[in-house]
Amino acid sequence: MQILLTGGAGFLGSHLADRLVGRGDAVLVLDNLNSYYDPAVKRANMAGLADAPGFTFVEGDILHDNILGDIFAARKFDVVVHLAARAGVRASVENPGLYEEVNCRGTLNLLNLAVRRKVARFVFASSSSVYGNSAAVPFRETEHVNRPISPYAATKAAGELLCYTTHHLYGLSVNVLRFFTAYGPRQRPDMAIHKFTRLIDRGESIPFYGDGSSERDYTYCGDIIDGVVAAIDRDLGFEILNLGESRTTKLSALVAIIEKNLGKKAVLEKLPLQPGDVQRTCADISKARRLLGYNPGTTVEEGIARFVEWYRATAKR
Ligand SMILES: NC(=O)c1ccc[n+]([C@@H]2O[C@H](COP(=O)([O-])OP(=O)(O)OC[C@H]3O[C@@H](n4cnc5c(N)ncnc54)[C@H](O)[C@@H]3O)[C@@H](O)[C@H]2O)c1
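Residues numbered from 1 in each chain as written. Predicted model: local features only at pLDDT ≥ 70, side-chain atom pairs only at ≥ 80, totals over all residues.

A. Geometry of the overall build of the protein chain. Secondary structure summary: the protein chain contains eleven helices and 13 strands in total. Against the compact-globule benchmark of 20 Å for 317 residues, the protein chain has a radius of gyration of 19 Å, which places it among compact chains. Counting only C-alpha atoms and orienting by the principal axes, one finds that the protein chain spans roughly 55 × 45 × 35 Å. Classification of the 317 residues of the protein chain by burial places 44% in the buried group. Contacts in the protein chain between residues far apart in sequence, at least 24 positions, make up 82% of those at least 6 positions apart. (Helix = DSSP H or I, 4+ residues; strand = E, 2+ residues; numbered from the N terminus. Rg over C-alpha atoms; globule rule 2.2 N^0.38 Å. Buried ≥ 20, exposed ≤ 12 C-beta atoms within 10 Å, placed from the backbone. Contact = placed C-beta atoms within 7 Å.)

Here it is as structure tokens:
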């Protein structure tokens, strides 16, 4: 298959590129290598693919029509997997305009081109954050998601709406995937597990928001990639699907697992809960199980052990 993968230099995108190239797809990664975190990390994420047959990297922005036009003119894509986004919840509170531009306008650009160039399927990376604080636990895809509590969440919900409208008007097959806090090797350095590991390892204090009772459904990257690949391969018309682990871990327990793997104690800097952060996420994944054959199996204990192993081998240098 010919696949356009936006954001393919990032944490999840690079794992997906590895998987797709490995099974023989032709993958063009479009990524602007922005400096939200070190672009050298993003280049390193893709280093193993540099000479792989079927892999192409284009450094460019999803907001630039000329780059998008060139890419679509040069290739006929079967599937567009749209992962490129501004992804931090807290940073979105500081700079909502940038999030709106990249996550809404950028998504619309790709949807329009997918229709015009007769792409068979569009896969969109959405987020558990669209559920906000008001949804009943576990979160089901049938919940209303019109109470997002961060600009990031609002732009992801808007992206989902644009996907639906495009499907409705033009029949584009779209699978919207709501990822629940992904982690594992290559995790973004701003995300909690990576940040805590780095700080505890250096003997520095970690920001510990609230009383430690907030809970997240942490999902191992390999499990999420299984779900994304299944979504790439299935024409479901239009569907929204949770990709989580369907288990929750309290912040305090998370810190304890990292401490155990590092063999070091954390120094906590206790801070109030941050505006934009939700208290709890937990996915109902029965729909993804049914429609995608999704079957995540990595416990947070196993996954963090693998993350810390990767951190020790690479990120510390
Ligand atoms: N990691 C998670 O826990 C999580 C949870 C929910 C949703 N998501 C979504 O999954 C996707 C991937 O997340 P990630 O954690 O791998 O983030 P990431 O930041 O590592 O990857 C995103 C990539 O998109 C690229 N990008 C950003 N703006 C761009 C633009 N204008 N043009 C071209 N490329 C651009 C970045 O350079 C980066 O390499 C994002 O859409 C994110 O919102 C992630």
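B. Representation of the packing of helix 5 (residues 96–116) against helix 6 (residues 151–170). Following both chains from N to C, one finds helix 5 and helix 6 inclined at 15 degrees, their axes separated by 9 Å at the closest point. Classified by the angle between their axes, helix 5 and helix 6 sit roughly parallel to one another. For the pair helix 5 and helix 6, the sense of crossing is right-handed. For the pair formed by helix 5 and helix 6, the contact residues are Pro96, Tyr99, Glu100, Asn103, Cys104, Thr107, Leu108, Leu111 and Val115 on the first element and Pro151, Tyr152, Thr155, Lys156, Ala158, Gly159, Leu162, Cys163, Thr166 and Tyr170 on the second. Considering only residue class, the contact of helix 5 with helix 6 consists of twelve nonpolar, five polar and two charged. (Axes fitted to C-alpha atoms, helices over the stretch in contact; angles between N-to-C directions. Parallel < 35°, antiparallel > 145°, perpendicular 65-115°, else oblique. Left-handed = near helix turned anticlockwise from the far one by under 90°. Nonpolar A, V, L, I, M, F, W, Y, C, P; charged D, E, K, R; others polar.)

C. Inspection of the pairing of strand 5 (residues 121–127) at higher detail. The buried fraction of strand 5 is high, at seven of seven residues. A two-sided burial pattern is seen for strand 5, the buried positions comprising Arg121, Val123, Ala125 and Ser127 on one face and Phe122, Phe124 and Ser126 on the other. The pairing of strand 4 (residues 79–82) with strand 5 spans four bridges and is classified as parallel. Directly across from Val80, in strand 5, lies its bridge partner Phe122. Where the polypeptide runs from strand 5 across helix 6 and back to strand 6 (residues 173–179), its parallel neighbour, the crossover connection is right-handed. (Pairing = 2+ DSSP bridges. Right-handed = clockwise from strand over helix to strand, strands pointing away.)

D. Layout of the packing of helix 7 (residues 192–202) against helix 9 (residues 251–262). Where helix 7 meets helix 9, the axes come as close as 10 Å, and the angle between the chain directions of the two elements is 50 degrees. Taken as axis vectors, helix 7 and helix 9 run oblique relative to one another. For the pair helix 7 and helix 9, the sense of crossing is right-handed. Contacts between helix 7 and helix 9 involve Ile193, Phe196, Thr197, Ile200 and Asp201 from the first element and Val255, Ile258, Glu259 and Leu262 from the second. Grouping the constituent residues of the contact of helix 7 with helix 9 by class yields six nonpolar, one polar and two charged.

E. Main features of the sheet that holds strand 4. An order of 3-2-1-4-5-6-11 is seen for the seven strands of this open sheet, with the pairing classed as parallel. Across the chains shown, the open sheet's two edge strands, defined by having one partner strand only, are strand 3 (55–59) and strand 11 (238–243). Strand-to-strand, the axes of this sheet are offset by a mean angle of 15 degrees, without reference to chain direction. Sheet contacts for helix 1 (residues 11–22): strand 1 (2–6), strand 2 (26–31), strand 3 and strand 4; angle to strand 2, the most-contacted strand, approximately 165 degrees. Helix-sheet contacts for helix 6 involve strand 5, strand 6 and strand 11, and the interaxial angle to strand 5 is about 155 degrees.

F. Spotlight on unusual backbone geometry. Looking along the chain, the bond that leaves Val137 and enters Pro138 is cis, with omega of -5 degrees. In this structure, Pro138 sits in the loop between strand 5 and helix 6. In this model, Lys118 sits at a positive phi of 55 degrees, which is unusual for a non-glycine residue. Along the chain, the position of Lys118 falls in the loop between helix 5 and strand 5. Judged by local crowding, Lys118 falls into the exposed class, with 11 C-beta atoms found within 10 Å. Phi angles above zero are rare outside glycine, and Ser246 is one such case at about 70 degrees. Along the chain, Ser246 turns up in the loop between strand 11 and strand 12 (249–250). The exposure class of Ser246 is partly exposed, given the 17 C-beta atoms found within 10 Å.

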